[in-house]
There are 2 protein chains.
Amino acid sequence: MSILEILKGARNASLSLAGLKDEIKNQALLAIADKLENNLDIIFEANKKDLEGAKNISKSVFNRLKLDENKARDMIQGIRDIAKLENPVNKILWKKELDDHLILTKITCPIGVIGVIFEARPDVISQISSLAIKSSNAVILKGGSESVNLNTLIVKLINEALLSVSGFPQNAINLIYSHEDVAELLSFDEYVNLIIPRGSNSLVKYIKENTKIPVLGHASGICHIFVDIDADFEKAKKIIIDSKTQYPSACNSVETVLVHKDYSFKKELIEEIKNFGVEIVESPEDWSFEYGEKTMSLKEVSSLDEAIEHINKYSSGHTECIITENIDNAQIFMNLIDSSGVYHNASTRFADGFRYGFGAEVGISTNKIHARGPVGLEGLTIYKYLLQGNGQIVDDYVKGDKKFTHKLL
Amino acid sequence: MSILEILKGARNASLSLAGLKDEIKNQALLAIADKLENNLDIIFEANKKDLEGAKNISKSVFNRLKLDENKARDMIQGIRDIAKLENPVNKILWKKELDDHLILTKITCPIGVIGVIFEARPDVISQISSLAIKSSNAVILKGGSESVNLNTLIVKLINEALLSVSGFPQNAINLIYSHEDVAELLSFDEYVNLIIPRGSNSLVKYIKENTKIPVLGHASGICHIFVDIDADFEKAKKIIIDSKTQYPSACNSVETVLVHKDYSFKKELIEEIKNFGVEIVESPEDWSFEYGEKTMSLKEVSSLDEAIEHINKYSSGHTECIITENIDNAQIFMNLIDSSGVYHNASTRFADGFRYGFGAEVGISTNKIHARGPVGLEGLTIYKYLLQGNGQIVDDYVKGDKKFTHKLL
């Protein structure tokens, strides 16, 4: 099948998915979980084949690629957990009487066809497919070539499971394979409504530069912590160490710490941070460099305003934190920082869909429209307006024969 | 000033606007209204100069360009009306306890810098500027060259009014002039967060094809009405005539009417529509052609399913209507049609921000993300997450020493 044929099939599937009852979607999710659970042997085999084929990869990439018993169990549990979440579509946002017997309802609905491009990780296919099903969207998936055997098998098993669910449309979950496929996908903006890249900065940048389709994601995570003059030393120490060292390669790790010039414990703070194996760069060439490891930039600033200005200039709009006991300063910071997450006395590592209690995470967005920060199922939905009348026409209102009531119901 | 300098100024203004109190924004709006009201003489003069300079324009374009007493009064009242609307930013969407003393708040905030490109109409500048101010966004405006005198004067008066408002930042409202300016604007995706084109299909298409910045708008309005087998004749007649003739060049006018093959009054319905001066095309070459005048396509369909399929294939995703007394069919239609507005027994002309009760309209969007259908002030906002803690770190939760409570407050 050509990419265009796949997209036409996905578009048709998406139109049927929009009308599916939540029970059928949940039935589909449980069928997928069962199917994967009953085929773990061949799943592990496919993963083994991928690992054997993957030459010259680092230990960390090998560990990421490897599907062990624990990861497989979490993967299957993840599918069942998504079935338990509230149906994100057909939710009434509000209902309004425009006039007698003329009722406007704003209701959530799926986006349509979503392309998800990700690097190798064995559980992404089932996770994204489950989120798409729960939100009534069709997906086109493209995984890393290192896991082609596993990805192909999992999509095959998912589609077998879906075939067994009465009423579930075909062509909802699709896999494509090559860079050429991706290039073609990115060109069909009339068929694909949203692209979600999950992976390295360079992957996200490549996609943003090569498509007219809206892209939901983040290219980099340049998070900041500002240690105000009134910062509590223990909090500052704990938060900076957690934000930098708890998982240094995560996008919500801190890259730059700004310290007020009159903060009394600056020396001690630096000492403590260094003791945790963190390398400190005091005048980096690039204030928006993402270290991704136990290295961070440090800058002295002379005021709250200077800290805010620095952050709004160099941040990637992900997550920033002020450490202070001064409530007024905290409020000014939270008000004026233009990032998706603005924190007071808490680790930047909290920026995560599960920690925010969303139950599932599509990814993190540094976009300024649609969805921002950790994105849950809600980010895979949009809304439509339903208007129920009994023959009303606009001319009566333009002429003044009738008047709108505009009463929220 | 270069476009880049203008954009840097606008970006700085947007960061200050985000922190402005609603009172100051309203003060600014009232100051603008007063300023324009006190300078109507020179405003009419500038408009006259534009009209004298506009050669070879049709009567209808002349009427559109002309600012008369009534339009001027409405324009000024429009600004005062926007001041009365609820502040769309700093609205708490929800508040959640993640754990003791760890509170997550989802709050609305401005998008940032918005570029608005529109064709000649004298009241757009003040309307868009007012919406931007109320939603704490900075704007870059580009109007039609036919109204360059009026546009320049109004932006000058607006900025003079804003200078008198203590605390209001400079460079919030900016005007650019040429096609080259627009081309440059469209290239600065790192400074401009959203583009709103208001005007012809070709303007919107040009913009969508020439920028990586998200675009909010609609290129065309191909609206449909389906007359079901159980349609009430009087309702069908009234709704079709209103949808086609009340304002034929509007984007929410109907272009195609589908009639069920077994509908008993098809002949009479066509007769009545023709009596209103509507030309009917029974097998057009292009089912997605926007007539924009008193002409419409007509097609016989053999089922509800066929109607839904036709609409989802040819519609521009704007507004569609089913006329039927069969509630089940109405529900299926409303559930399965993938458009921003789906109506039952009501004219498609209701698709409008004022008729929906939004108080102000930014435009109509056929996007599938961010904002869809008539867009009010809400479409000029996004949200951010504020997290207030007292020193919490993620490591405690990963290790299991602490557990999330995730309680909605």
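Asks: Can you help me understand the overall build of chain A in this one?
Replies: Counting its regular elements, chain A contains 14 helices and 16 strands. Its C-alpha atoms put chain A at 70 × 70 × 35 Å along the principal axes. Taken across its 409 residues, chain A has 61% of its residues classed as buried. Looking at chain A alone, contacts between residues at least 24 apart form 71% of all its contacts between residues at least 6 apart. A total accessible area of about 16,700 Å² is found for chain A, and carbon and sulfur atoms account for 48% of it.

Asks: Would you mind going over the side chain of Asp22(B) with me for this structure?
Replies: Residues and elements named next belong to chain B. When you line up the elements, Asp22 lands in helix H2 (residues 22-37). Among the residues examined, Asp22 registers a relative accessible area of 17% and is labelled buried. Ignoring sequence-local partners within four residues, the contact set of Asp22 consists of Asn87 and Lys134.

Asks: Is there a simple way to think about the interface of chain A and chain B in this case?
Replies: Interfaces are frequently sized by the accessible area removed from exposure as the parts join. Each partner contributes to the interface: chain A provides 73 residues, whereas chain B provides 73 residues. For the pair chain A and chain B, the summed buried area comes to about 6,300 Å², and 57% of that belongs to carbon and sulfur atoms. On the chain A side of the contact with chain B, Phe350(A), Ile369(A) and Tyr385(A) bury the most area, a combined 11% of that side's loss. In this structure, the connection of chain A to chain B is made through four salt bridges. A salt bridge links Asp338(B) to Arg11(A); the nearest nitrogen and oxygen atoms lie 2.9 Å apart. Counting every contact that joins chain A to chain B gives 45 residue pairs in polar contact (both at pLDDT 80 or more). Residues of the side of chain A that touches chain B, tallied by class, amount to 35 nonpolar, 21 polar and 17 charged. Where strand E12 (residues 341-346) of chain A and strand E15 (residues 381-392) of chain B come together, five bridges link them in parallel fashion. Following the sheet pairing, Gly341(A) is matched in E15(B) by Tyr385(B).

Asks: I keep staring at the relation of the copies chain A and chain B and nothing clicks. Help me out?
Replies: Superposition of chain A onto chain B requires a rotation of 180° combined with a translation of 0.0 Å along the rotation axis, giving an RMSD of 0.0 Å. Accordingly, the operation relating the two chain copies is best matched by a two-fold axis. Nearest to the rotation axis, the C-alpha of His370(A) is located 1.9 Å from it, this being the minimum over chain A. Mapped onto chain B, 100% of the interface residues of chain A again fall at the interface, so both copies present the same surface.

Asks: So what exactly am I meant to see when it comes to the packing of aromatic side chains here?
Replies: Residues and elements named next belong to chain B. Under the criterion given, the structure shown has 26 aromatic pairs over all chains. With 5.9 Å between their ring centres and 45° between their planes, Trp94 and Tyr385 make a pair best called tilted. Separated by 291 residues along the polypeptide, Trp94 in strand E1 (residues 92-99) and Tyr385 in strand E15 bring together distant segments of the chain. Relative accessible area serves as the criterion here: at 19%, Trp94 is assigned to the buried category. Above the face of the Tyr383 ring, Lys106 is positioned so that its terminal group lies 4.1 Å from the ring centre.

Asks: Whenever I open this one, the confidence of the model for chain A confuses me. Can you help?
Replies: Keep in mind that low pLDDT regions are not for reading the predicted coordinates in detail. Across chain A, pLDDT averages 96, with 100% of residues at or above 70. Predicted complex, confidence summary: ipTM 0.95, pTM 0.95.

Asks: How do you make sense of the sheet that holds strand E9 (residues 279-281) of chain A when you look at a structure like this?
Replies: Consider a sheet: its strands pair through backbone hydrogen bonds, and that pairing is either parallel or antiparallel. Strands sit in the order E9(A)-E10(A)-E8(A)-E7(A)-E11(A)-E12(A)-E15(B)-E2(B)-E1(B)-E16(B) across an open sheet of ten strands; the sheet is mixed. At either end of the open sheet lies a strand with only one pairing partner, and these are E9 of chain A together with strand E16 (407-408) of chain B. Pairing geometry for E1(B) and strand E2 (residues 102-110) of chain B, over six bridges, is antiparallel. Across the sheet, the residue bridging to Lys95(B) is Thr105(B), located in E2(B).

Rules used in this analysis
- Residues numbered from 1 in each chain as written.
- Chains lettered and ligands numbered in written order.
- Predicted model: local features only at pLDDT ≥ 70, side-chain atom pairs only at ≥ 80, totals over all residues.
- Heavy atoms only, no water.
- Helix = DSSP H or I, 4+ residues; strand = E, 2+ residues; numbered from the N terminus.
- Buried < 20%, exposed > 50% of the residue type's maximum accessible area, 1.4 Å probe, protein only.
- Contact = heavy atoms within 4.5 Å.
- Areas by Shrake-Rupley, 256 points an atom, 1.4 Å probe, with all protein chains shown as cover.
- Buried area = accessible area lost by both parts, 1.4 Å probe.
- Salt bridge = Lys/Arg side-chain N within 4 Å of Asp/Glu carboxyl O.
- Polar contact = N/O pair within 3.5 Å; in protein donor to acceptor, adjacent residues only side chain to side chain.
- Nonpolar A, V, L, I, M, F, W, Y, C, P; charged D, E, K, R; others polar.
- Pairing = 2+ DSSP bridges.
- Least-squares fit on C-alpha atoms with pLDDT ≥ 70 in both.
- Phe/Tyr/Trp six-rings, centres within 6.5 Å; stacked < 30°, edge-to-face > 60°.
- Lys NZ or Arg CZ within 6 Å of the ring centre and 35° of its normal.
- pLDDT = per-residue confidence, 0-100.

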